[in-house]
Amino acid sequence: MVKSLHYRRHLKAWNYRFRPGDIPIYILFFLFALLTIYPFWYVLVGSFSHGTDYLNGGVYFWPRQWTFRNYLYILLDKRFYSSLGVTIARTVLSTVLSTVFTAMVGYAMSIKSTPYRKTMYIINIITMFFGGGLIPYFILLVNLGFYDNFLVYVIPGLYSTFNMIIFSNFFSRISNDLRESALMDGANEFTIIFKIYFPISTPVFATVMLWTAVGSWNAYYDTMLYTSSQNLWTLQYYLLTMIKQLNAPPELMGNVDFGEEITSTTVSDAAIVISSVIILAFYPLILKAFKRGQTMGALKE
């Protein structure tokens, strides 16, 4: 009897979800999903396609002539692995340090008794909309010794006003009784931050770390402006350079001759796949925490 009632409830819920009037809605969302996914599939198909054949057109859903030479063009170059190491080191360091430093500022801004809190908020907001310009910023980095230095990828981006606001709004939702109780027990501010606030703020940390990691992974503009050594090339800048150098002298690829099997278009597709696969693999691991942090950090009681 109990199983029968349980079955009827599930059957009723199933029938409710799939009413005839809902069919056009599901079809619409299915088509929208295809439109969203297809560009990624098209790039993947292009990355495995013969270069000249691909340029002839007609390749939409499956490679007409398969080849791995587009990936070999990139993977056989030692500079790929050097730039990959720089990008990984940059992404890890900048993500961890920037998130922790910004979160500490956000904690201070979430406490209403912080001296000159409103003034500092106004100053921070101004920096979001106004800057000194590229040339003064470049001169500043040179004078600080960051030009052609790995630290140019870490120190200048150590603090983000936007992320600080996200952290501050999230921390303000935490009951102030926790902080007051810890202060009464003799805890200092650093103890409260690292042992109370940070452990219960996983969602917002996951959100900000994902934003920062993706931004660091995809960055190439600062490499173009603030470095001159190939040892400091990031992955994105290296891939951009490789695409531009398809017609470079043969010594660029050693003794390997790919002929007409690769083109700048198919190599570009392979570069997109290589640069995206790690982020796409990492994103599902923190998707749940990302959704919670994005909502909770953006709203304030």
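## Details of the overall build of the chain
- If you tally the helices and strands in the chain, you get 15 helices and zero strands.
- Look at the contacts in the chain between residues 6 or more apart in sequence, and 74% of them connect residues 24 or more apart.

## Remarks on unusual backbone geometry
- Despite not being glycine, Tyr116 has its phi angle at roughly 55 degrees, a positive value.
- The topology assignment puts Tyr116 in the loop between helix 5 (78-110) and helix 6 (117-129).
- By relative accessible area, which is 66% here, Tyr116 ends up exposed.
- Located in the positive-phi region is Asp148, a residue other than glycine, with phi close to 60 degrees.
- When its relative accessible area of 32% is taken as the criterion, Asp148 is described as partly exposed.

## Section: the side chain of Asn70
- Within the fold, Asn70 resides in helix 4 (residues 69-75).
- Within the structure, Asn70 has its side chain in polar contact with the backbone oxygen of Ser47 (distance 2.9 Å).
- Apart from residues lying up to four places away in sequence, Asn70 is in contact with Gly46, Ser47, Phe48, Ser49, Glu261, Ile262, Thr263, Thr266, Val267 and Ala270.

## Observations regarding the environment of Asn231
- Mapped onto the elements, Asn231 comes out in the loop between helix 12 (221-226) and helix 13 (235-244).
- When sequence neighbours within four positions are dropped, the list of residues in contact with Asn231 reads Ser82 and Val86.

## A word on the nonpolar core
- Tyr73, Ile74, Phe80, Leu235, Tyr238 and Leu239 are the most contacted members of the largest nonpolar core, which totals 19 residues.
- Among the elements of the structure, helix 4, helix 5, helix 13 and helix 14 (264-282) are those that each provide at least two residues to this core.
- Among all residues touching Ile74, those that are not within four sequence positions of it are Phe80, Tyr238, Leu239, Val267, Ala270, Ala271 and Ile274.
- Formed by 16 residues, the second largest nonpolar core is a distinct cluster that contains Ala103, Tyr107, Ile166 and Ile174.

## Digging into the packing of helix 5 against helix 8 (residues 161-172)
- Relative to each other, helix 5 and helix 8 sit at 50 degrees, their axes nearing to 7 Å. Classified by the angle their axes make, helix 5 and helix 8 are oblique. Note that helix 5 runs across helix 8; the crossing there is right-handed. Of the residues in helix 8, those in contact with Thr99, Thr102, Ala103, Val105, Gly106, Tyr107, Met109 and Ser110 of helix 5 are Asn163, Met164, Phe167, Ser168, Phe171 and Ser172.
- In the contact of helix 5 with helix 8, the residues fall into seven nonpolar, seven polar and no charged.

## Remarks on the packing of aromatic side chains
- Counted according to the given criterion, the structure contains 25 aromatic pairs.
- With a centroid separation of 6.1 Å and an interplanar angle of 45 degrees, the aromatic rings of Tyr42 and Tyr54 are classed as tilted. Here Tyr42 is found in helix 2 (residues 23-47), whereas its partner Tyr54 is found in helix 3 (residues 51-55), with twelve residues between them in sequence.
- Taking the relative accessible area as the measure of exposure, Tyr54 reaches 8% and is therefore buried.
- Both rings, one in Phe171 and one in Phe198, keep their centres 6.4 Å apart while their planes meet at 20 degrees; by these two values the pair is stacked. Of this pair, Phe171 sits in helix 8 while Phe198 sits in the loop between helix 10 (189-197) and helix 11 (202-218), and the two are 27 residues apart along the sequence.
- Of the residues examined, Phe171 reaches a relative accessible area of 1% and is grouped as buried.
- Residue class for Phe198 comes out buried when judged on its relative accessible area of 12%.

Scoring rules and cut-offs
- Residues numbered from 1 in each chain as written.
- Predicted model: local features only at pLDDT ≥ 70, side-chain atom pairs only at ≥ 80, totals over all residues.
- Heavy atoms only, no water.
- Helix = DSSP H or I, 4+ residues; strand = E, 2+ residues; numbered from the N terminus.
- Contact = heavy atoms within 4.5 Å.
- Buried < 20%, exposed > 50% of the residue type's maximum accessible area, 1.4 Å probe, protein only.
- Polar contact = N/O pair within 3.5 Å; in protein donor to acceptor, adjacent residues only side chain to side chain.
- Core = buried A, V, L, I, M, F, W, Y, C linked by side-chain atoms within 4.5 Å.
- Axes fitted to C-alpha atoms, helices over the stretch in contact; angles between N-to-C directions.
- Parallel < 35°, antiparallel > 145°, perpendicular 65-115°, else oblique.
- Left-handed = near helix turned anticlockwise from the far one by under 90°.
- Nonpolar A, V, L, I, M, F, W, Y, C, P; charged D, E, K, R; others polar.
- Phe/Tyr/Trp six-rings, centres within 6.5 Å; stacked < 30°, edge-to-face > 60°.

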